[in-house]
Amino acid sequence: MDTEALRSFVRAAGLGQLRRAADELGVTQQAVSKRIAALERELGVRLFVRTARGVELTPDGQAFLPHARSIVAGVERAVAAVGPGSRPLRIDVLGLRSAQAVVLHEYWRSHPETGLDVVTLRVDDPRVAVAAVEAGDNDASFRTVTAPETLPPGVRMVRAFDSPLELLVGPRHPLASARSLTPLQLRKHRIWVPGIASGSEWAEFYDQLVTEFDLRVDAAGPHFGDEVLLDTLADSADVATLVGARDRYIWPTGHDLRRIPVVDPTLAYPLSLILPRTNPHPGLRRIITHLRGLPRLSEPVWLPSWASASAHAGADASCDRDHDPHPDRDSG
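Residues numbered from 1 in each chain as written. Predicted model: local features only at pLDDT ≥ 70, side-chain atom pairs only at ≥ 80, totals over all residues. Heavy atoms only, no water.

**A short note on the packing of aromatic side chains**
To describe a pair of aromatic rings, you give the distance between the ring centres and the angle between the ring planes. Quick note on the threshold: Each pair of aromatic rings taken from Phe, Tyr and Trp, with Trp reduced to its six-membered ring, is defined by centres within 6.5 Å and is described as stacked if the planes are under 30 degrees apart, edge-to-face if over 60, and tilted in the remaining cases. Burial classes follow relative accessibility: with a 1.4 Å probe on protein chains only, a residue under 20% of its type's maximum area counts as buried, one over 50% as exposed, and anything between as partly exposed.
Taken as a whole and judged by the stated rule, the model has seven aromatic pairs. Arranged with centres 5.4 Å apart and planes meeting at 85°, the rings of Phe205 and Tyr206 form a pair that is edge-to-face. Just as Phe205 is buried, Tyr206 falls in that class too. On the numbers, 4.6 Å between centres and 45° between planes, the contact of Phe205 with Tyr269 is tilted.

**A closer look at unusual backbone geometry**
Let me state the cut-off plainly: Secondary structure counts use DSSP, requiring at least four H or I residues in a row for a helix and at least two E residues in a row for a strand, with both numbered from the N terminus.
Across the junction of Asp264 and Pro265, the peptide omega takes the value 0°, indicating a cis bond. Cis rather than trans, the peptide bond between Glu299 and Pro300 has omega equal to 0°. Within the element layout of this structure, Pro300 appears in the loop between helix 10 (284-292) and strand 12 (301-302). A positive phi is found at Arg122, a non-glycine position, where the angle reads about 55°. By relative accessible area, which is 49% here, Arg122 ends up partly exposed. Backbone geometry places Asp264, a non-glycine residue, at a positive phi of 55°. Note that Asp264 resides in the loop between strand 10 (258-261) and strand 11 (266-276). In this structure Asp264 comes out as exposed when scored by relative accessible area, which is 54%.

Put into structure tokens, the structure is as follows:
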């Protein structure tokens, strides 16, 4: 199918006039008419009807328009990705305070010439993030599909890095003075993780964590944001939460919150990167190389079953192949 014909159709549909579409495209009105006529012959339907003011879409044209827009946008993204001064690398993270965002910021500080666009889809279902990568809306996404065999053929998952968890508590909590804690020491203490979304990757993570270590994870109530969570921890003598070691949390000095590493084993959330299987953005190769160079966690480490067998990004430095901690509470 002729992409120039599709582009002419999309512009004519948007502007309602063949002449204005031709002016925007830098061609004659006759050329636009011929392209659209050829497209109609190929499809076997009428796409426009002429009116006194220009052209209007037929029902078939209305049905075809969103698909044509998607194709034209995909072609434009493909051309921009490999052209001189290509567009910034667009990567979805779970939140701008999350470990993924912190690691990307570290990378950018070492490579400030990199065009990098960090976005947050703010969705719980990883399939939405996968669809955005597959459609080309994002170049990559720090998400995990815990059943990788369900991934569409056009995308794959790379194990990025493992984020160790820490217990975050207020000064009156009975564990507040500890320098480190084992999972056994967390038993019977209330670990509050509000707003765990059913079907999300972190819901499955916490399910396995509770089963493995007999922990008391409480997901009751909606999540009203980091500020409410941190205020609650500061005022409580029995509520704690788990956060990623690289996650950024900022609280007033008077809160006197403490972050305590969990060890023997280290509880780690496996972070993954979803990217196109073919023709990924050229900038992804350097990102994956950076991820490969991150320090590995000291053993012993506990990981959920869906991550323990997957390969770390260091095992595959190429940008053509496979999988996140606890998401930033701004995002889930």
